[in-house]
Amino acid sequence: MTTEPPAPASFLATRRGQLTLVFLCTVAFLDFAGTSIINVALPSIRNDLHFSIQNLQWVLSAYLMTYGGFLLLGGRAADLLGRRRILVGGTALFALSSIACGVAQNSGTLVAARLVQGVGAAMMTPAALSILTTSFNQGTDRLRALGAWGAMVGVASVVGVLLGGLLSGGPGWRWVFFVNPPICVLVLIAAYRLVDNDNKQSRLAHFDARGAVLVTAAMLLTIYALIRAPEVGWNTTRTIAELLGAAALLVVFLINERLHANPLVPLSIFRIKGLAGADSTQIIAIAGFYSMFFFITLYMQNVLRYSPTKAGTAYVPVALGVAVSAGVCSRLFVRTGTRPIMAAGALLAAGGVYWLSRIPVHGSYASDLLPGLLIMSVGLGAVFVSVQTAANAGVPPDKAGLAAALINASFQLGAALGLAIFSNIATSRTNALVARHVALPSALTSGFHRALLASSIFLVAAAVIALRATNTKGEPMPASETEQIIIEFDGRPLAIPDNT
């Protein structure tokens, strides 16, 4: 007679597990709210620090560029150096750069501080997500934890717009940055109390420094080219050269990774079923979502003449819709899996954005904005929570930081791609109408129409791509493929499988 081994205890059922999940979701909130909180404050920042219209975009783009550029390095560093160490370092850098942003007295200082802030976020976010996936490694626990993280990504992105409006319309735009350091202090305290010390040093002797430089340069150049393309032109020699240069760097990086004994990005991670599908879905979906928030905020402030506070408050129902949708969908995964929810959410969001693409010049919030925003919010919650879950399913613990970096890099790349493409569509239409002496509110609204319609098409494409993602229902995390003891003999590493 054989007896089955007892099921592992649920970490999430313990008080420490629950506090750990709250702490990690706080990191997610800090990061993703920080990405969107600036939007409503931009007019105030421009007036106070005398930004030109051309340079104002760098308040957003500087953060986006370094965040996306350093994500793969930050995520892999968490795997190799220790997740808590990288989380603590990134959070401290994020806090200090937030203070520098808040006290900035000129445009150059603010942009420089935003560049540093992006590096801090690129360290702390993949480290936090990899801590989550390795701490909650049982099927049900993992689904719930990833569901909470995915919900926080969506909710924080919307709440950030709300907080940006309330703070910039109240105590002033500087508090958009000053709100971060107190939260960072709480995160640092929780990191030392709740996360075990996992510092690793054995693999540093053969660290892939060349790969780190190549992939970071490739990501930075890609995002920079996407940011600048709407201004300098997509068919200019400069843009084409930058994109070709980024592609060449990426090719050299891939060759380096195949030849290096300890690659920064083991290419075997892309053999994990469904990971590439989930990351690709997020790139296309975020391109539609992020630009939609950008254009709707501009519409409320520049066409409907909403104050920053009123524009921010308009997103309260969206935050509630995302939270409810994410909570419901994370419970449905056990029955349906992630794939159908991801695809259905993208299609639903496409319908909501299409509704918004028909906004009139003299629009009403209740009849023209709210229905589309609510439909979109339900789809947004479903997409975020399912993408985060699918992208981390089947990832062994030793690659958790890298997988977390990839899904976050897809967010940043999607945001840059969406703004580059759809801003060009909106601006071209608006400029053409202004040249024909059409009133500015009508010209702006017509530009938004075309950009939002294109955003809805991107979300339909995301639904199609989602069909290639994994359909996880909460399977347990696989054992690490590289669990081994590394010792040195005559200056060279010897790997001995750890079978204990």
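Residues numbered from 1 in each chain as written. Predicted model: local features only at pLDDT ≥ 70, side-chain atom pairs only at ≥ 80, totals over all residues. Heavy atoms only, no water.

Remarks on the overall build of the protein chain
Let me state the cut-off plainly: Think of it this way: any DSSP run of H or I at least four residues long counts as a helix, any run of E at least two long counts as a strand, and we number them from the N terminus. Only C-alpha atoms enter the radius of gyration; for comparison, a globular chain is expected to reach 2.2 Å times N to the power 0.38, where N is the number of residues. Burial classification: accessible surface area is computed with a 1.4 Å probe over protein chains only, and a residue below 20% of its type maximum counts as buried, one above 50% as exposed, and the rest as partly exposed. Here, residues are in contact when the closest pair of their heavy atoms is within 4.5 Å. A 1.4 Å probe and the Shrake-Rupley method give the accessible areas. Residues count as covered only by the protein chains that appear here. For this count, His and the chain ends are skipped, Lys and Arg are scored as positive, and Asp and Glu as negative. A charged residue contributes its charge at one atom only: NZ of Lys, CZ of Arg, CG of Asp or CD of Glu.
Within the protein chain one finds 18 helices and two strands. Relative to a compact globule of 500 residues, whose C-alpha radius of gyration would be 23 Å, the protein chain shows 22 Å and is just as compact. On the principal axes, the C-alpha backbone points of the protein chain span a range of 80 × 50 × 40 Å. When the 500 residues of the protein chain are sorted by exposure, 55% land in the buried category. Sequence separation of 24 or more characterises 84% of the internal contacts of the protein chain that already satisfy a separation of 6 or more. Element-wise, carbon and sulfur atoms account for 64% of the exposed surface of the protein chain, whose accessible area totals about 20400 Å². Computed over 33 positive and 20 negative side-chain charges, the separation of the two mean positions in the protein chain equals 10 Å.

Some thoughts on the packing of aromatic side chains
The condition that has to hold: Here a Phe, Tyr or Trp ring, Trp counted by its six-membered ring, pairs with any other such ring whose centre lies within 6.5 Å, and the pair is stacked when the planes are under 30 degrees apart, edge-to-face when over 60, and tilted otherwise.
In total, this model carries eleven aromatic pairs according to the counting rule given. With a centroid separation of 6.1 Å and 65° between ring planes, the pair formed by F289 and F384 is classed as edge-to-face. Placement of the pair is F289 in helix α12 (residues 275–303) and F384 in helix α16 (residues 365–392), with a sequence separation of 95 residues. Neither F289 nor F384 differs from the other in exposure class; each is buried.

Concerning the pattern of salt bridges
A side chain with one charge can pair with a side chain of the opposite charge if their charged atoms come near. The condition is simple: Only one rule defines a salt bridge in this text: a Lys or Arg side-chain nitrogen within 4 Å of an Asp or Glu carboxyl oxygen.
As enumerated under the stated definition, the model contains three salt bridges in all. A salt bridge links D196 to R16; its shortest N-O distance comes to 3.8 Å. One end of the pair, D196, is in the loop between α9 (180–194) and α10 (209–232); the other, R16, is in helix α1 (residues 15–36), with 180 residues separating them in the sequence. The exposure class assigned to D196 is exposed, which follows from its relative accessible area of 59%. One salt bridge connects E242 with R238, and the closest N-O pair in it is separated by 3.3 Å. You can see E242 and its partner R238 sitting in helix α11 (residues 237–259), four residues apart, about one turn around the helix. With relative accessibility at 37%, the residue R238 sits in the partly exposed group.

Examining the packing of α12 against helix α17 (residues 400–435)
The condition is simple: Angles run from 0 to 180 degrees between N-to-C directions of axes, and those axes are lines fitted to C-alpha atoms, restricted for helices to the stretch in contact. For classification purposes, angles smaller than 35 degrees are called roughly parallel, those larger than 145 roughly antiparallel, those between 65 and 115 roughly perpendicular, and all remaining angles oblique. Whether a crossing is left-handed or right-handed is set by the direction in which the near helix is turned from the far one by less than a right angle, anticlockwise for left-handed and clockwise for right-handed. When residues are grouped by polarity, Ala, Val, Leu, Ile, Met, Phe, Trp, Tyr, Cys and Pro land in nonpolar, Asp, Glu, Lys and Arg in charged, and all others, Gly among them, in polar.
Where α12 contacts α17, the axes come no closer than 7 Å and their chain directions differ by 40°. Between α12 and α17, the angle falls in the class oblique. Handedness of the α12/α17 crossing: right-handed. Across the contact of α12 with α17, the residue classes tally to 18 nonpolar, seven polar and one charged.

A closer look at a nonpolar patch on the surface
Rules: Each patch is assembled from residues with relative accessible area greater than 30% and no salt bridge, linking like charges that lie within 9 Å and nonpolar side chains (Val, Leu, Ile, Met, Phe, Trp, Tyr) that lie within 5 Å.
On the surface, L96, I99 and V103 cluster together into a nonpolar patch covering about 270 Å² of accessible area. Structurally, L96 can be placed in helix α5 (residues 83–103). On the accessibility criterion, L96 (58% relative accessible area) is exposed.

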